[in-house]
Amino acid sequence: MISLILNNKKNLTDILNKIDIATLQKYVAGSLLAFNCISNYIKNNYDDKQKLFQLIKLLEYHLEPLKTFISSIEILMEESFGSYIPIEGNIGIVNSSSFQIDLNKMKIGQKYLLNYKTTQFLVKKTENSDLSISEVIKK
């Protein structure tokens, strides 16, 4: 996805012109602020559960519109770049509802990064020409 964006900056600009950037920035800033307050609250062992609950509600309030923005951007990208987005190394394609991988385009043992929705996967063709897919867990 990142290489697609970097290689199509003009299309990305067109997409971003279709969304309300000021509102997006408001929800991103609100989410970061609420998350920072929650982490500070927990780190310092404050004991007011009602305030913690209010901070969590504030975070949820800002995260819901962000999900909508992300979905909208994905839809606009698919419309702009076509229905399918190539997978790293051109081993396949991804769209909003599925992904397809061509084992014949993959090199044995080489790892490929696949971004699908909000999850990253590491894809590899094994020595037996089997497909190995594992989820990338970020800490």
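Basis of the calculations
- Residues numbered from 1 in each chain as written.
- Predicted model: local features only at pLDDT ≥ 70, side-chain atom pairs only at ≥ 80, totals over all residues.
- Heavy atoms only, no water.
- Helix = DSSP H or I, 4+ residues; strand = E, 2+ residues; numbered from the N terminus.
- Contact = heavy atoms within 4.5 Å.
- Areas by Shrake-Rupley, 256 points an atom, 1.4 Å probe, with all protein chains shown as cover.
- Core = buried A, V, L, I, M, F, W, Y, C linked by side-chain atoms within 4.5 Å.
- Buried < 20%, exposed > 50% of the residue type's maximum accessible area, 1.4 Å probe, protein only.
- Pairing = 2+ DSSP bridges.
- Lys, Arg positive; Asp, Glu negative; His and termini not counted.
- Salt bridge = Lys/Arg side-chain N within 4 Å of Asp/Glu carboxyl O.
- Polar contact = N/O pair within 3.5 Å; in protein donor to acceptor, adjacent residues only side chain to side chain.
- pLDDT = per-residue confidence, 0-100.
- Axes fitted to C-alpha atoms, helices over the stretch in contact; angles between N-to-C directions.

(A) Quick peek at the overall build of the chain. Within the chain, the secondary structure is distributed over four helices and six strands. Of the contacts made within the chain by residues no fewer than 6 positions apart, 32% connect residues no fewer than 24 positions apart. In the form shown here, the chain has an accessible surface area of approximately 10,000 Å², with 55% of it arising from carbon and sulfur atoms.

(B) Focus on unusual backbone geometry. Not every positive phi belongs to a glycine, and Asn45 is a case in point at roughly 55°. Following the sequence through the fold, Asn45 ends up in the loop between α3 (21-43) and α4 (49-81).

(C) Structural context of the nonpolar core. Judged by nonpolar contacts, Ile87, Ile91, Val94, Met106, Tyr112, Leu114, Tyr116, Phe121 and Val123 together constitute the single largest core of nine residues. Of all the elements in the fold, those that place two or more residues in this core are β4 (111-116) and β5 (119-125). Counting residues per element, this core draws most heavily on β4, which supplies three residues. When neighbours within four sequence positions are excluded, Tyr112 is seen to be in contact with Glu88, Gly89, Ile91, Lys105, Met106, Lys107, Phe121, Leu122 and Val123. Listed in part, the seven residues of the second largest apolar core include Leu24, Tyr27, Phe69 and Leu76.

(D) Seen up close, the pairing of strand β6 (residues 131-135). Taken together, the five bridges between β5 and β6 define a ladder with antiparallel strand orientation. By the bridge assignment, Lys124 is partnered in β6 with Ser132. In sequence, β5 turns back onto β6 through a hairpin of five residues, with Ser129 there showing a positive phi of about 60°.

(E) Region of interest: the side chain of Lys125. Positionally, Lys125 belongs in strand β5. Within the buried set, Lys125 has no salt-bridge partner at all; the shortest N-O distance to an opposite charge, 7.6 Å, is to Asp102. For Lys125, the side chain forms a polar contact with the main-chain oxygen of Leu103, separated by 3.0 Å. Not counting chain neighbours up to four residues away, the residues in contact with Lys125 comprise Leu103, Asn104, Met106, Lys107, Ile108, Gly109, Gln110 and Asp130.

(F) Broad picture of the side chain of His62. As for its placement among the helices and strands, His62 is situated in helix α4. When residues no more than four places from it in sequence are discounted, the contact partners of His62 are Lys26, Tyr27, Gly30 and Ser31.

(G) Examining the confidence of the model for the chain more closely. Taken residue by residue, the chain gives an average pLDDT of 81. The fraction at 70 or more is 84%. Confidence, expressed as mean pLDDT per element, reaches its minimum in the chain at helix α1 (residues 2-7) with 55 and its maximum at α3 with 91.

(H) Representation of the sheet that holds β5 within the structure. Spatially, three strands are ordered β4-β5-β6 in an open sheet, and the strand pairing comes out antiparallel. For this open sheet the edge positions go to β4 and β6, each flanked by a neighbour on one side alone. Taking the axes of each pair of neighbouring strands and ignoring which way they run, one obtains an average angle of 30° across the sheet. Bridge analysis of β4 against β5 gives six bridges, and the strand direction is antiparallel. Bridge pairing links Lys111 to Lys124 in β5.

(I) How the structure looks around the pattern of salt bridges. The tally for this structure, following the rule as stated, stands at two salt bridges. Glu64 is the salt-bridge partner of Lys67, the closest N and O atoms lying 3.1 Å from each other. You can see Lys67 and its partner Glu64 sitting in helix α4, three residues apart, about one turn around the helix.

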